[in-house]
Structures are given as C-alpha cells and as structure tokens.
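Each chain, written out:
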Amino acid sequence: MEVLNETSSRFTLIGLSTNPWLQPLYFIIFLIMYIVTVTGNLLIIAVVRTEPKLQTPMYFFLSNLSLIDLCFSSTIVPKLLMSTLTEDKTISFWGCATQMYFHLALGGTECIILAIMAYDRYVAICHPLHYNTIMNLQRCSLLSVGTWSLNFLNSIYYAYSTFQLPFCRSKNVNHYFCEMPPLFRLSCTETLINEIAVYISGGIVGLCSFVLTLLSYVHIILTVLRIQSSTGRQKAFSTCVSHLSVVSLYYGAIIFMYLRPRGSYSVDRDRSVAILYTVVTPMFNPIIYSIRNKEVKQSVRKMISGRSHFTMLTFHH
Ligand SMILES: *[C@@H]1O[C@H](CO)[C@@H](O)[C@H](O)[C@H]1NC(C)=O
C-alpha cells in the first residue's frame, strides 16, 4: 500500500524561477536553445551517416556524442518548456524516475565517449602508423556498445535505489528537473549509503574518463611540440582543437559545479550551473564542430546547399 501510494503521487518541480514576469522570457530562450540543439545534433548525425569522407572512428564517436546530447536535452527541456507554458509544475512519479534514469545514463555515457574520442586523437597523432589497427571498426563498435550498455545498466540500480526511498518529507523538488541530490533531500530516512554509492560510482567513471582524457592530451601536446615545422604542428593539432574545446566546456561545467568552497552551497547557483550542462553544452557541441572542424564544416555546407539545389530543382519542374 505504501509503495502504491508513492507511485501514484506527483512531485512538484520548483522550476527555473518563481518570478512570473520571467516565465515568457525563459520560455522563448529555452525554446530557441532547444531548437538549435535538436537541429545541430541531427545535422551532425545525418552528415556523418551520409558523407563518405566522414566514415572514420572519430566521426562515428562524434555522431554518438550528438545522439547523447540530443537525448540529454530532450529528457529535460521539453518538460521544462511545458511546465513554463502551462504553469503546471508537477511531474508524475514515473516521469521523475525516467528523467533521472536517462539523465544519469546519458551523462555517464557522454563522459566515457569524450574520453574515447580523446584517446582516438592520441592514437591518430602519436601513433599514426598503427591507427587503423588500433582503432579498427570492430573495436570501436565494441567500445561504443559497451559504453552505452554499461551506463544504461548501471543507472537502473541508481534509479531503483533512489525511488525506493520514502519521500515523506516533502514532494517539492528544489530543481527544474529530477536530479538525485534534491531528491535525496525529500526523504526522511538516512540516504548516506545512496549518496556514498553515487559518489563512488560517479567518481570512478568521471575520474577515469578525466584522467584518460588528460593523459591523451598531454601526450598529444608533447608530440605536437616536437614537430619542427609550424604548419605541420598546426595541421596535427587542428584535428583535435574542436574536441579539446568540447572537453573543456564539459569539464569546465563539472569543475565549476563541484570544486567550490565548502558551505557555499546555493540552490540558485546549482540551478544555473545545471543549465550550463543540460542546455548550453548540448547546444554548443555541434556548433563547435561545425565551425572549427574543416571536414564537418564542408560536409554540412555541402549537405545544406545540396538540399537547397534539390528543392530549387523540384520547384522549377
Ligand atoms: C557510435 O559509434 C559506433 C562505433 O564507432 C558506431 O558504429 C555507431 O554507428 C555510432 N552510433 C551513432 C548513432 O552514431
């Protein structure tokens, strides 16, 4: 009976702001950002799918990243837009659980995919002769499938253990989506074990990915510095500039979130940092790649102009 009561109950998300005057502004800003995110990431996926020049591990993983970003913002932003518009801030028990589950699973997958992408650049720049044997297609698919399934399986446990807690203190989630820490605060039982489990597992995934990414870039930079000609240096480095920008944006948000003086906790600040990695990063990843990476830029241009030629042709007939 207890469990039944829980699952039929609804949570209330505090939302972005309680100020009614800001709601229309937020709605428009987030709608535009969401449209840009969806369009940009779909474009990257389509371009990698269709362009023969982009049939390499680096771009396959970029396409994975775009899929993650697309899903990541889709688990949060549409619900946010709806509740801003209708002013109904409640979310069902299952809606909340689903949101948290995908948020966790996709977040972990993104972290590992970024590390694999850094490793891929390391092999390409530091061991170019062995690139095709080390990053062969079979191994890449295995890595990708492994990463996705590991995170989606692992997150079942966290979602399950979180939503088993009795949320007896309150049903008001002090955030704009269902995230673990604010949910823990709604429980009147001890959540220390849950918190420790989350921090250990998140710490392992996050730290391993971060170290792998960092090591790859240290090796890349050392190798690039050893190249004598400056054009050669530029050429070697140009393939990883966009990835390095994406990585910096991602870890920048995480570091901003976690490395801060103790006791300076503030809900408002947490919310603004969360906006950074739930809305802003997924939007900028495809933009960075389509601006800084020459191959992607050309392919996107080709695709768009190809489409418009096609529509012009059909228009004339
Ligand atoms: C993800 O990466 C793998 C391995 O490179 C690739 O086979 C797969 O097609 C990618 N998936 C998407 C959706 O891009």
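Shown above is the structure to which this text applies.
Conventions adopted
- Residues numbered from 1 in each chain as written.
- Predicted model: local features only at pLDDT ≥ 70, side-chain atom pairs only at ≥ 80, totals over all residues.
- Heavy atoms only, no water.
- Helix = DSSP H or I, 4+ residues; strand = E, 2+ residues; numbered from the N terminus.
- Contact = heavy atoms within 4.5 Å.
- Expected span 1.5 Å × (residues − 1).
- Buried < 20%, exposed > 50% of the residue type's maximum accessible area, 1.4 Å probe, protein only.
- Pairing = 2+ DSSP bridges.

Quick word on the environment of Pro57
Then comes step 1: Residue placement: Pro57 occurs in helix H3 (residues 57–86).
Then comes step 2: Taking the C-alpha atoms as reference, Pro57 lies 7.0 Å from Met135; in sequence the two are 78 residues apart.
Then comes step 3: Beyond its immediate sequence surroundings of up to four residues, Pro57 is in contact with Asp120, Tyr131, Met135 and Cys140.

Observations regarding helix H6 (residues 137–163)
Then comes step 1: Over its 27 residues, H6 extends 39 Å from the first C-alpha to the last, a length consistent with the 39 Å expected when each residue adds 1.5 Å.
Then comes step 2: Within H6, the full set of buried residues consists of Cys140, Ser144, Thr147, Trp148, Asn151, Phe152, Ser155, Tyr158, Ala159, Ser161, Thr162 and Phe163.
Then comes step 3: Lining the buried residues of H6 we find strand S1 (10–13), H3, helix H4 (93–126), helix H7 (180–184) and helix H8 (192–226).

Description of the sheet that holds strand S2 (residues 90–92)
Then comes step 1: Overall, mixed pairing links the three strands, which are arranged S2-S1-S3 in an open sheet. Each having just a single partner strand, S2 and strand S3 (172–173) make up the two edges of the open sheet.
Then comes step 2: Bridge count between S1 and S2: three bridges; the pairing is antiparallel. Residue pairing in the sheet places Arg10 in a bridge with Ser92 of S2.

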